[in-house]
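Structure at a glance
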Amino acid sequence: MSRASFFVPLGIFLSILALGYVGFSLDARNQLPSALLNKPFPEFSATSLLQPDVKITKAELLGRPALVNVWATWCPTCKSEHEQLMRIAAETDVLMVGVDYKDIPERAVQWLEQYGNPYDYVLDDRDGSLGIELGVYGAPETFLLNAAGEVVYKRVGDINVRIWESELLPRFQALEIEMRGQSGPGR
Amino acid sequence: MGSAGRKFYSISVAVFFAGCLSLLMLGNGVASAESQIDIYPFADEAEERRYKSLTEEFRCPKCLNTNLAGSDAPIAKDLRRTVYRLQVDEGYSDQQIRDYLRERYGDFVLYDPPFSTQTWYIWLTPIGLGILALAILGRLLGRARKQAPVALSDDDLGRIATLLEEK
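Note that the coordinates shown come from a computational prediction; the quantities given were computed from them, not determined experimentally.

Assigned secondary structure in chain B consists of 6 helices and 0 strands. Counting from the amino terminus, helix and strand elements in chain B follow one another as α-α-α-α-α-α. Expressed as a percentage of the 167 residues in chain B, the buried residues total 13%. Of all intrachain contacts in chain B linking residues separated by at least 6 positions in sequence, the fraction that spans at least 24 positions is 42%.

Okay, here's the thing in structure tokens:
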């Protein structure tokens, strides 16, 4: 047996180490892919949080890009992303849809009065059943839909300035350009 | 180090890695025996067993390595309720329930990832490693068999005879 083979175990050990290093640094929970990506947003019918006698369906989400944000008053991260959501609502034309996930409606209404309401529609999902349709496993989670109601991006975790500018804004702008391209010649 | 020393060294290294590997496999085989208790009515024991095995089969999306049955995360509770509803109220088959959860939560909820362009290496790596291990073992055994028996010189035989006589 040659001298070199003494280093084989060391080599194996180092490659296991390297595999572990790469493997564990890959494990970003925020990257868990959504099963809905590039698929149509599921059909739903949900009660409006602010007008309990009004039903909101998927039809309301179509026609322009929409940001569907799953939040709750029990979720501290939702509080920290709220300001950014307010800015997005003020600065863009995106349709803002909030899903009040497994929450107490009175608290949610109070939250929106206190901190401002960035949403065009707020859906009351107090039992979390819409959340299950969306593959939600926590809050906040955010989906970007195109005008046809297909999911083009999903974010698990908060929307902050960095995520908005690097991940969401470019996609949103691409969707707007795509939309103008389709409806442009007709106008 | 003599040739015996080297052989001992390589065998211990092989045994060490084999030991690590079996420990890993054992660890995977031992599923958590605890489970969360929800009170759901079942028509008979077979239904209840089915529910139990289904909730043990799926992975809780919030947790990295806990099944629905064993997790106390709120989403696991909701999904147990969903499994119960699909099984008992809607009369779904096991496969329909699997598909339902997979459509919403992806392959992640199935502990058993399907063979696809994204997962092929997970399936092939153990087979490859197994072949590699067999090849190494074969080489070691072949070399051991090829080693010629050590011939003893007359001197050695004489020494052995004296040592035996001394006793």
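The subject of this paragraph is the environment of Glu60 of chain A. Here Glu60 of chain A is to be found in the loop between β2 (55-57) and β3 (66-71). Sequence separation between Glu60 of chain A and Tyr121 of chain A is 61 residues, and the spatial gap between their C-alpha atoms is 8.8 Å.

Counting 52 residues, the largest nonpolar core has Ala66, Leu67, Val68, Val97, Tyr101, Leu123 and Leu145 of chain A as its most contacted members. Excluding residues within four positions of it along the chain, Leu123 of chain A makes contact with Ala46, Ser48, Leu49, Ile56, Val97, Gly98, Val99, Asp100 and Leu130 of chain A.

This brings us to helix α6 (residues 154-166) of chain B. Between the first and last C-alpha of α6 of chain B there are 18 Å, a value that for 13 residues agrees with the 18 Å anticipated at 1.5 Å per step. Among the 13 residues of α6 of chain B, 0 are classified as buried, and the element is accordingly described as predominantly exposed.

Our next topic: helix α3 (residues 74-89) of chain B. Residue and element names in this part refer to chain B. End to end, α3 covers 21 Å across 16 residues, agreeing with the expected 22 Å (1.5 Å per residue, within 8%). Every buried residue of α3 is accounted for by Ile75, Ala76, Leu79, Arg80, Val83 and Gln87. Down the axis, α3 shows its buried residues gathered within 140° of arc, on one side only. In the core, the buried residues of α3 are packed alongside α2 (45-57) and α4 (94-105).

So, about unusual backbone geometry. Residue and element names in this part refer to chain A. Cis geometry marks the peptide bond from Ala139 to Pro140, where omega comes out at 0°. Looking at the secondary structure, you find Pro140 in the loop between α4 (129-133) and β6 (141-145). Phi is positive for Lys102, which is not a glycine, with a value near 45°. Its place among the elements puts Lys102 in the loop between β4 (95-101) and α3 (105-115).

With that settled, the discussion passes to the confidence of the model for chain B. Do not read the predicted coordinates in detail wherever pLDDT is low. Residues and elements named next belong to chain B. With 84% of its residues at a pLDDT of at least 70, chain B reaches an overall mean of 84. Ranking the elements of chain B by mean pLDDT puts helix α1 (residues 3-29) last with 66 and α3 first with 94. Note on residues 29-33: pLDDT under 50 across the span, and 2 contacts to partners over four residues away in sequence or across chains.

Right, let's talk about the sheet that holds strand β5 (residues 121-125) of chain A for a bit. Residues and elements named next belong to chain A. As summarised here, the arrangement of the 7 strands in space is β2-β1-β5-β4-β3-β6-β7, forming an open sheet in which the pairing is mixed. Of all strands in the sheet, those with a lone pairing partner are β2 and β7 (151-156), marking the two edges. Adjacent strand axes in the sheet meet at a mean angle of 30°, parallel and antiparallel pairs treated alike. As paired elements, β6 and β7 share 5 bridges and run antiparallel to each other. For Leu144, the partnering residue across the bridge sits in β7 and is Tyr153.

Before going further, it helps to examine the pairing of β3 of chain A. Residue and element names in this part refer to chain A. Counting buried positions along β3 yields 6 of 6 residues, so the element is predominantly enclosed. By the bridge criterion, 6 bridges tie β3 to β4 in an arrangement that is parallel. Bridging from a neighbouring strand, Val70 pairs with Val99 of β4. Between the parallel pair β3 and β4, the chain is carried across by helix α2 (residues 76-91), and the sense of this crossover is right-handed.

Right, let's get into the pairing of strand β1 (residues 45-48) of chain A. Residues and elements named next belong to chain A. The pairing of β1 with β2 spans 3 bridges and is classified as antiparallel. When the sheet's bridge partners are listed, Thr47 is paired in β2 with Lys55. Between β1 and β2, which follow one another and run antiparallel, lie 6 residues.

Residue and element names in this part refer to chain B. Between α2 and α3, whose axes approach to 10 Å, the crossing angle comes to 140°. Comparing the axis directions of α2 and α3 gives the class oblique. As for the relative orientation of α2 and α3, their crossing is right-handed in sense. The segment α2 lies against α3, with Glu47, Arg50, Tyr51, Leu54 and Thr55 engaging Arg80, Val83, Tyr84, Gln87 and Val88.

The rules behind each value
Residues numbered from 1 in each chain as written. Chains lettered and ligands numbered in written order. Predicted model: local features only at pLDDT ≥ 70, side-chain atom pairs only at ≥ 80, totals over all residues. Helix = DSSP H or I, 4+ residues; strand = E, 2+ residues; numbered from the N terminus. Buried ≥ 20, exposed ≤ 12 C-beta atoms within 10 Å, placed from the backbone. Contact = placed C-beta atoms within 7 Å. Core = buried A, V, L, I, M, F, W, Y, C linked by C-beta atoms within 7 Å. Expected span 1.5 Å × (residues − 1). Arc of directions from axis to C-beta. pLDDT = per-residue confidence, 0-100. Pairing = 2+ DSSP bridges. Axes fitted to C-alpha atoms, helices over the stretch in contact; angles between N-to-C directions. Right-handed = clockwise from strand over helix to strand, strands pointing away. Parallel < 35°, antiparallel > 145°, perpendicular 65-115°, else oblique. Left-handed = near helix turned anticlockwise from the far one by under 90°.

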